[in-house]
Amino acid sequence: MRWPAGWRDPSRLELLEGTPINCLLLAAEGEQLQAIREQAGKRGLTCLTVVGSDAPAASPQIRIHPRSTLDWRTADPVLAVSECVWPAVAGGSGGAQAGPTGVPWVDSNGWFVQLARTLRPRQVLWLVFEPPEKVLLRPEAYALAVADCETYGGRWVIALDAVAESDPARARGLLAAAGRAVRFFMQHARWRTFVPHAAVGILSDFSGANRDPSYELLNLLARRPLPFRILENARGAALPLEGLKAVIYADQQPPEAPLRERLLAFARAGGLLVTGPQWGAREGAPAPGDVYERFTVWRTGKGRLAIAKEELSDPYLAALDVHLLLGHEHDLLRLWNGGSLNVYYTSSPAAGRSGLLQLVNYTTRRAAHPVTVGLAQPYKKARFWDLGADSPRPLEIQAAARGIELPLPEFSVYAAIELEEEA
Amino acid sequence: MRWEPTRRQMLAVLAAPVAAQRPAPAAPVAVARCAGYGAELVAALERMFDQLGGLTRLVKGKTVAIKLNLTGSPSYRMAHRPLGSAQWVHPHVIGATVHLLGKAGARRIRLLESPWSTAEPLEQYMLQANWDPAALAKAAAQVEFENTNYLGKAKQYARFPVPGGGYIYPAYDLHPAYRDCDVFVSLAKMKEHGTTGVTLSMKNCFGITPCTIYGDGAPEDGPGRFPVGGRGMFHYGRRQPAKGSPPEKDPASPREGGYRVPRIVAELVAARPVDLAIIDGVESMAGGEGPWIRGVRPINPGLLVAGTNAVCTDAVAVALMGYDPTAQRGTPPFTNCDNTLRLGEALGIGTPDLGRIEVRGTRIAEAVCRFRT
């Protein structure tokens, strides 16, 4: 938790009682907070002093890296990143804005957590962001802030709003809500070991001029829902493309020869490779293009190579186009009445695979009509977890024209569905 | 560009008032009970078509275009109810109809719809609802799908003048698939509607209009290449169609959906007559046309309705829903709108007078399912 700068009285530590909060980030060294440090230590809490990203690493300090200048090579065991967004439906709870998909935009950090866990899998990821000013959020919004990070394997450094800093009762309520959510995810820590299902691979070096477009592409793909796998082009010929139906190569530079050959081999084997005009030389025979005529498509082997006529500079269109080019035949999941949700679909890496679907609701309110999930995989058993629940509820599985459908109970912030292939 | 009617269009316009002075035609309507979307469906529809004189004489050797009723985004459901059991016509009704048309000798069957704000192929739209378009394609020999919300691979929009000159627009520009067919089928859902009181075979034709011309995002200077947005233009009249398509006759007329939309629907059915109207009232929703309407609820009338005249068929369906098909504005279901059926009657399409319509099969009195209690 980010300890409020105005809290100098150690008695405020009592507000943390009953919560799983075990670490405090303090803004400054020195005498002023010494009493807090001493009392926190007696309560078993770790205190870390926040320093800038360019400060030398030292204990008990923590460096916070602004996302816009983050150097992924940093070796900090805890990768703490600022410049994250407060998760919510864009425009606030009272003024949802519709996006071009007809569903509201949402602000989420989920895609960034996925990226960080791919690029720095051995580091613990903390996201540092504060509640928006001049808005008095409900406790559910704090649970959402936790869920938006934890679902994907990150952790929110809990922070209070200005009103709560001066209102202990409000602070207690907000900390309790956030704490309950944190405890739920701690109880399900094994879910962090699950690996993402994916139909589409997003390939980039995620740096330099490619950083912003690739980040935004991840952000927008997360809204489709089109489960994706993040691919580092540094891995070249060793890219993990198994199970993917499509790969987007959107970097501004053409790929190195081994990577290029790997991607072409993927297409020849039946995959769809989506790229921009920087790809250069094409191969194969002309094939039917996309309905919006933004690509020339070539049939190569059993698959297709789709080359954008103009640069893939609009991440929204790129996310839309890959789904259009791929077609809905390959949808791993479908959502009905899920416009305010982001979904993270993973499975256990162990033998006898089980699936896990986590749904984050950015309105923090129950929808007018409950959500139905469709899955291509014909699971035999499903269990529903509401955020904070001690035990799951069995879910009815309905056979559908394509795969199965799961009618979900109502939920306001977060739900998880455990899926088993065996009844 | 000013719209200059062709000689043929002018003749159609001049001929219409004469037709409108005669009593609007009446045609038989078949009604059947059908408890579900299982095996009983094909038998029920086949019996109804036989009661109407048989499909063979209507479709043998011909190209049949079917306007499907797939309103709104495929990602919305009323609670957990699949779209085909709520706001969309059920896929099994489509499949059964296609099968029977094929069996009756239809040469080519085209499934048409203008899906919400997209140029995606219609099959892709159906997949998002968890439908299996491949199964529909196999229901007869030559089945095609067409997204008519934009021109697609067609070369030019087809112009459809409104006989009598129309109420709001004198003519409409539509995808040529609506012209290049011998038989036009409106395959609709039995529903209420927030703007027009009911959604039946007539209101289904609202969706034959391309949003490249009549959409909120259509360019001012000519048809767009791709559809953007809905048809707020028809509801509120805040702008004119894309240049080159006939503008409104009177931009000073009321800008109210309850006035405009029923007139536009009647015009469309007059301009592109329905040869066969089929209404899926097996499972549906009451209180509105989609889950975005507050207070909608599931309802299972267990009914199918079919006829060769859209006004007559809708009149019987309105009666089956527990309403008077000749009701004036202010009386449910036309509480806040003019009665599309009466407007269609005035255009000479057909009569909503139940006293003039022969009902074959199940009698109305035996099958009424009140949408409002």
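Residues numbered from 1 in each chain as written. Chains lettered and ligands numbered in written order. Predicted model: local features only at pLDDT ≥ 70, side-chain atom pairs only at ≥ 80, totals over all residues. Heavy atoms only, no water.

A. Representation of the overall build of chain A in the model. Along the backbone of chain A there are eight helices and 25 strands. At 23 Å, chain A has a C-alpha radius of gyration in line with the 22 Å of a compact globule built from 423 residues. Based on the C-alpha atoms only, the size of chain A along its principal axes is roughly 75 × 50 × 45 Å. Relative to its 423 residues, chain A shows a buried fraction of 54%. Partitioning the intrachain contacts of chain A with sequence separation of at least 6 by distance along the chain shows that 65% fall at a separation of at least 24. (Helix = DSSP H or I, 4+ residues; strand = E, 2+ residues; numbered from the N terminus. Rg over C-alpha atoms; globule rule 2.2 N^0.38 Å. Buried < 20%, exposed > 50% of the residue type's maximum accessible area, 1.4 Å probe, protein only. Contact = heavy atoms within 4.5 Å.)

B. Structural view of the sheet that holds strand β2 (residues 46–52) of chain A. All names here are of chain A. One open sheet accounts for six strands, arranged β1-β2-β3-β4-β7-β8; its pairing is parallel. For this open sheet the edge positions go to β1 (23–26) and β8 (155–156), each flanked by a neighbour on one side alone. Bridge count for β2 against strand β3 (residues 61–66) is four bridges, and the pairing is parallel. Bridging across to β3, Gly52 finds its partner in Ile64. (Pairing = 2+ DSSP bridges.)

C. Structural context of unusual backbone geometry. Cis geometry marks the peptide bond from Arg224 of chain A to Pro225 of chain A; its omega dihedral reads -5°. Among the structural elements, Pro225 of chain A can be located in the loop between α6 (211–221) and β11 (228–232). For the bond running from Pro332 of chain B to Pro333 of chain B, omega is 5°, close enough to zero to count as cis. Among the secondary structure elements, Pro333 of chain B is positioned in the loop between α10 (310–320) and α11 (340–346). In this structure, Ser117 of chain B is a non-glycine residue whose phi angle is positive, near 50°. Following the sequence through the fold, Ser117 of chain B ends up in the loop between β3 (108–113) and α5 (122–128).

D. Here's a closer look at helix α1 (residues 34–42) of chain A. All names here are of chain A. Every buried residue belonging to α1 is among Ile36, Arg37 and Ala40, and all of these are buried. Here the buried residues of α1 occupy an arc of 100° about the axis, which is enough to place them on one side. Of the residues flanking the end of α1, it is Gly44, one or two places downstream, whose phi is positive at about 85°. (Arc of directions from axis to C-beta.)

E. Here's a closer look at the pattern of salt bridges. Residue and element names in this part refer to chain B. A full pass over the atoms with the stated rule returns 34 salt bridges over all chains. Among the salt bridges present, the one from Lys67 reaches Glu113, with a minimum N-O distance of 3.0 Å. Here Lys67, found in strand β2 (residues 63–68), pairs with Glu113, found in strand β3; they are 46 residues apart in sequence, far enough to count as distant. For Lys67, a relative accessible area of 1% translates into the label buried. Note that Asp338 is salt-bridged to Arg329, the shortest N-O span being 3.4 Å. Overlapping salt bridges, with partners in common, bring together Arg108, Arg110, Glu144 and Glu146 in one network. (Salt bridge = Lys/Arg side-chain N within 4 Å of Asp/Glu carboxyl O.)

F. Geometry of the side chain of Glu289 of chain B. Within the secondary structure layout, Glu289 of chain B lies in the loop between β11 (284–286) and β12 (297–299). For Glu289 of chain B, which is buried and forms no salt bridge, the nearest opposite charge comes from Lys203 of chain B, at a distance of 6.6 Å. (Lys, Arg positive; Asp, Glu negative; His and termini not counted.)

G. Structural view of α10 of chain B. Residue and element names in this part refer to chain B. Counting buried positions along α10 gives eleven out of eleven residues, so the element sits mostly inside the fold. Regarding α10, its N-cap is Asn309, as a side-chain oxygen of that residue lies 3.0 Å from the backbone nitrogen of Val311 further along. Downstream of α10 by a residue or two, Gly322 has a phi angle that is positive, lying close to 95°. (Polar contact = N/O pair within 3.5 Å; in protein donor to acceptor, adjacent residues only side chain to side chain.)

H. Seen up close, the sheet that holds strand β23 (residues 398–399) of chain A. Residues and elements named next belong to chain A. Spatially, β17-β20-β24-β23 is the arrangement adopted by the four strands of the open sheet, whose pairing is antiparallel. On the outer flanks of this sheet lie β17 (333–336) and β23, each paired with one strand and no other. Of the pairings in the sheet, the one linking strand β20 (residues 372–375) to strand β24 (residues 404–407) comprises four bridges and is antiparallel in character. From the neighbouring strand, Gly374 faces β24, where its bridge partner is Glu405.

I. Up close: the interface of chain B and chain A. Each partner contributes to the interface: chain B provides 24 residues, whereas chain A provides 22 residues. When residues of chain B are sorted by the area they lose upon contact with chain A, Arg77, His80 and Asn130 of chain B head the list and together hold 33% of the total. Taken together, the links from chain B to chain A amount to two salt bridges. For Arg77 of chain B, the salt bridge identified is with Glu405 of chain A, shortest N-O distance 2.9 Å. Applying the counting rule to chain B against chain A returns 21 residue pairs in polar contact (both at pLDDT 80 or more). A per-class count over the side of chain B that touches chain A returns 14 nonpolar, six polar and four charged. (Buried area = accessible area lost by both parts, 1.4 Å probe. Nonpolar A, V, L, I, M, F, W, Y, C, P; charged D, E, K, R; others polar.)

J. Inspection of the environment of Ser53 of chain A at higher detail. Following the sequence through the fold, Ser53 of chain A ends up in the loop between β2 and β3. Other than its neighbours up to four places away in sequence, Ser53 of chain A contacts Arg63, Ile64, His65 and Pro66 of chain A.

K. Quick look at the nonpolar core. Leu24 and Trp156 of chain A are the most contacted members of the largest nonpolar core, which totals 166 residues. With nine residues, α10 of chain B is the single largest residue contributor to this core. Excluding anything up to four places from it in sequence, Leu24 of chain A contacts Met1, Trp3, Leu13, Leu16, Ala40, Leu45, Thr46, Cys47 and Leu48 of chain A. Membership of the second largest hydrophobic core comes to 49 residues, among which are Trp336 of chain A together with Cys34, Trp131 and Leu136 of chain B. (Core = buried A, V, L, I, M, F, W, Y, C linked by side-chain atoms within 4.5 Å.)

L. Highlighting the state of the cysteines. Tallying each qualifying case throughout the model produces zero disulfides over all chains. Cysteine Cys23 of chain A remains unbridged, with the sulfur of Cys47 of chain A as its closest cysteine sulfur at 7.5 Å. Here Cys34 of chain B is not disulfide-linked; the sulfur of Cys369 of chain B is the nearest cysteine sulfur, at 14 Å. (Disulfide = S-S within 2.5 Å.)

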